[in-house]
Amino acid sequence: MSSSLLTSIGMASLGGTILGLSTCAYLALVGKVSGCSGTLRGPYLQLTCQTNSNAYHIVYLGGLMLGGAIMQYCYPQGYEDGGYRADLMIFSGILVGIGTTLGHGCTSGHGLCGLARWSKRSLVAVCSFFMTGVVVASALYPALKSEWEPQSPPSATAPHVSLLYAVFGVSFVFISYGAYILKELAIIASILLCSLAFAIGLVLSGMVKPTKVHGFLAINKNWDPSLLFVFFSGLTVNLILWPFIMKKARPAACPAFDLPQATEIKAELVYGGVIFGLGWALGGVCPGPSIVGLSGEYGMSMLIWMGGFFIGAQVAVVVQKNWLLRGSKSGTEEDAMQSVRHTDVIVDCDDDAKDNHETKS
């Protein structure tokens, strides 16, 4: 085994451990599951007046962005140089947006957190998107190997530097706005601490490098197993610490735990996971790394990917609302909207958490 691979595995294990500690801290302090697709999708739906405000998502999103910008200055080798094909990025984003919305989660909410809770729903979702990602990436590798490599590095000026400054600015706007809504310093500090740690873990682990993700998903003679250590180290931390945390009467900064309640295994977990896996294999990007990766030299590619994600999420939300309407006994939109919690649509975890917000019709 080469020294470079050993180093890569060591960094992946370190990053995964930090990710696990971050999600455990979020549970212990705030009482919630850490989920990046809901963190990205939620503020979009709030800004477009489709849901009520969720300050937890807003502050967490700002923290991820701020953490990514800080890491770009402190550990730039954690990011890749150059950009990626715009058509691959936007199509990948659309598929991931649809899949994570229909499947209620991604690698963080279902993978790190759902499996740590021994959730059968999360197990179905993880198997669906992981197996799809491996099969599709392996099949596409011969044709898209060169396309998955970053293109020529951008100049040291705009748009990368301008986007990095923008990321700093927008992160402070999100954090300030969320803090204004929450008004509880302990909660604000807890969310910010956990999101910053999560961003650090993503960068150190290599998850923000699409070529690293493709090197893991595409099985071939040059297969890179290091990201497997990200998953297992993070999950191991959660499996050890979550039972101790859940013995507490309440989280440290909030009055009660707010965890997913659904147990029914639905078909949407499978086809949502499959669609997510397709997009993950195509672009090598999932929601958390896209947010943190905005600060990299390929930040414009991540911004394009996010545009696709929002399109896909919007499509999935419309589809879900139509399903609710058809399934409503009375056939009215009001009854249909009352038949499901707000977070069944936007929260990134193992289905609907006990959230008091309601979807706007």
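Here, the structure is the one placed above.
Here is what the cut-offs are and how they apply
- Residues numbered from 1 in each chain as written.
- Predicted model: local features only at pLDDT ≥ 70, side-chain atom pairs only at ≥ 80, totals over all residues.
- Heavy atoms only, no water.
- Helix = DSSP H or I, 4+ residues; strand = E, 2+ residues; numbered from the N terminus.
- Polar contact = N/O pair within 3.5 Å; in protein donor to acceptor, adjacent residues only side chain to side chain.
- Contact = heavy atoms within 4.5 Å.
- Expected span 1.5 Å × (residues − 1).
- Buried < 20%, exposed > 50% of the residue type's maximum accessible area, 1.4 Å probe, protein only.
- Salt bridge = Lys/Arg side-chain N within 4 Å of Asp/Glu carboxyl O.

1. Details of the side chain of S8
The residue S8 is located in helix 1 (residues 3-30) in this model. A polar atom in the side chain of S8 sits 2.3 Å from the side chain of K212. Leave out the neighbours within four places in its chain, and S8 touches K212, D224 and S226.

2. Thoughts on unusual backbone geometry
Of note, C49 is a non-glycine position whose phi angle comes to about 60 degrees, a positive value. For C49, the position within the fold is in the loop between helix 2 (36-47) and helix 3 (55-74). In this structure, H104 is a non-glycine residue whose phi angle is positive, near 60 degrees. Within the secondary structure, H104 sits in the loop between helix 4 (86-102) and helix 5 (107-114).

3. Concerning helix 11 (residues 267-283)
Its 17 residues give helix 11 an end-to-end C-alpha distance of 25 Å, which sits within 8% of 24 Å, the value for a rise of 1.5 Å per residue. Every buried residue of helix 11 is listed here: E268, L269, G272, G273, F276, G277, G279, W280, A281, L282 and G283. With its phi angle positive at about 70 degrees, G284 sits one or two positions after the end of helix 11.

4. Observations concerning the pattern of salt bridges
What the rule picks out here adds up to four salt bridges. R85 serves as the salt-bridge partner of D87, at 2.5 Å between the closest nitrogen and oxygen. When its relative accessible area of 40% is taken as the criterion, D87 is described as partly exposed. Between R85 and E147 there is a salt bridge; the shortest N-O distance is 3.3 Å. Of this pair, R85 sits in the loop between helix 3 and helix 4 while E147 sits in the loop between helix 6 (120-144) and helix 7 (160-182), and the two are 62 residues apart along the sequence. According to the relative accessible area criterion, R85 is partly exposed, its value standing at 30%. What you see here is one network of salt bridges that share partners, running through R85, D87 and E147.

Remember that the coordinates give geometry; whether it matters functionally is a separate question.
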